[in-house]
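Coordinates in review
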Amino acid sequence: MSVKILVDADACPVVRIVEKIAKEHQVPVVLLCDTNHVMNTDYSEVKIVGAGADAVDFALIGMCNKGDIVVTQDYGVAVMALGKGAYSIHQSGKWYTDNNIDQMLMERHVAKKVRRSNKKHHQKGPSKRTREDDERFEKSFIEMVMTALKEK
C-alpha cells in the first residue's frame, strides 16, 4: 500500500506547497477539480470532474484509501476521509481528526445558523492569505506526510 495525496483543488491556495513537499518525499499527488477550474502542473495528476454539486468531493472520496492524505477545506469531505482511515488536513494546517471533527462540524452548523439569522448584515469573507498562513500549513503538512509514510 503506497500513500498518495488527494487535493480538493478547486480554489485551493496550497497546491504548490503540497506539490513541493510531495515531490521531495516522492509521494504521488492527484488534484481534483471541476470543469470550471483549470489546473496546470508539472508534478501532479489532474482529474477534472463534472461540474455538479459535490462531484469533486465524491470523486475524491472514491479514490481515497486508508493511509492516504486528503487536503480539503470541506468538513464533509474530511469526515468521509477519516471514515476511510485517511489523514485529512485543512489549508490552515489544522489536522482533521476523530477527536476534533465533531466539534468542528458543530461550530460550522452554529455559524451557518448565525449567518442565516443575520441576512441584513453583510458578513466579511475570509481574510487575505499571508506568508505566515503558508508557513503554518507547510510545517503541519510536512509532519502529516512524515507520519503517513512511517505508518505505510
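Quick look at the structure, then. Given the structure is predicted, the values throughout are model-derived calculations rather than measurements.

A few words now on the overall build of the protein chain. Along the backbone of the protein chain there are 5 helices and 6 strands. In the protein chain, the succession of helices and strands from N to C terminus is β-α-β-β-α-β-α-β-β-α-α. Here the protein chain has a C-alpha radius of gyration of 16 Å; the compact-globule value for 152 residues is 15 Å, and the two agree. Taken along the three principal axes of its C-alpha coordinates, the protein chain extends 50 × 35 × 30 Å. With 152 residues in all, the protein chain has 39% of them scored as buried. Residue pairs in contact within the protein chain that sit at least 24 positions apart in sequence constitute 50% of those at least 6 positions apart. Considering the protein chain, the positive charge centre built from 23 side chains and the negative charge centre built from 21 side chains are found 5 Å apart.

The element strand β2 (residues 29-34) is largely enclosed, with a buried count of 6 among its 6 residues. Because side chains alternate across β2, one face comprises the buried residues V29, L31 and C33, and the other comprises V30, L32 and D34, equally buried. For the crossover that starts at strand β1 (residues 5-8), traverses helix α1 (residues 15-25) and ends in the parallel β2, the hand is right-handed. Bridge analysis of β2 against strand β3 (residues 45-49) gives 5 bridges, and the strand direction is parallel. Within the sheet, the bridge partner assigned to L32 lies in β3 and is K47.

Per the stated rule, a full pass over the model turns up 2 aromatic pairs. Considering the side-chain rings of Y75 and Y96, the 5.7 Å spacing of their centres and the 75 degrees angle between planes classify their relative orientation as edge-to-face. Note that Y75 is positioned in helix α3 (residues 75-83) and Y96 in strand β6 (residues 95-96), a separation of 21 residues in sequence. Like Y75, the residue Y96 is buried in the burial classification. When the centroid spacing of 5.3 Å and the interplanar angle of 15 degrees are considered together, the rings of F137 and F141 count as stacked.

So, on to a positive patch on the surface. Taken together, the side chains of K112, K113, R115 and R116 define a basic patch exposed on the protein surface. For K113, the location among the structural elements is in helix α4 (residues 101-117). Judged by its relative accessible area of 49%, K113 is partly exposed.

The rules we used
Residues numbered from 1 in each chain as written. Predicted model: local features only at pLDDT ≥ 70, side-chain atom pairs only at ≥ 80, totals over all residues. Heavy atoms only, no water. Helix = DSSP H or I, 4+ residues; strand = E, 2+ residues; numbered from the N terminus. Rg over C-alpha atoms; globule rule 2.2 N^0.38 Å. Buried < 20%, exposed > 50% of the residue type's maximum accessible area, 1.4 Å probe, protein only. Contact = heavy atoms within 4.5 Å. Lys, Arg positive; Asp, Glu negative; His and termini not counted. Charge placed at Lys NZ, Arg CZ, Asp CG, Glu CD. Right-handed = clockwise from strand over helix to strand, strands pointing away. Pairing = 2+ DSSP bridges. Phe/Tyr/Trp six-rings, centres within 6.5 Å; stacked < 30°, edge-to-face > 60°. Patch = residues over 30% accessible without salt bridge, like charges linked within 9 Å, V, L, I, M, F, W, Y side chains within 5 Å. Areas by Shrake-Rupley, 256 points an atom, 1.4 Å probe, with all protein chains shown as cover. Salt bridge = Lys/Arg side-chain N within 4 Å of Asp/Glu carboxyl O.

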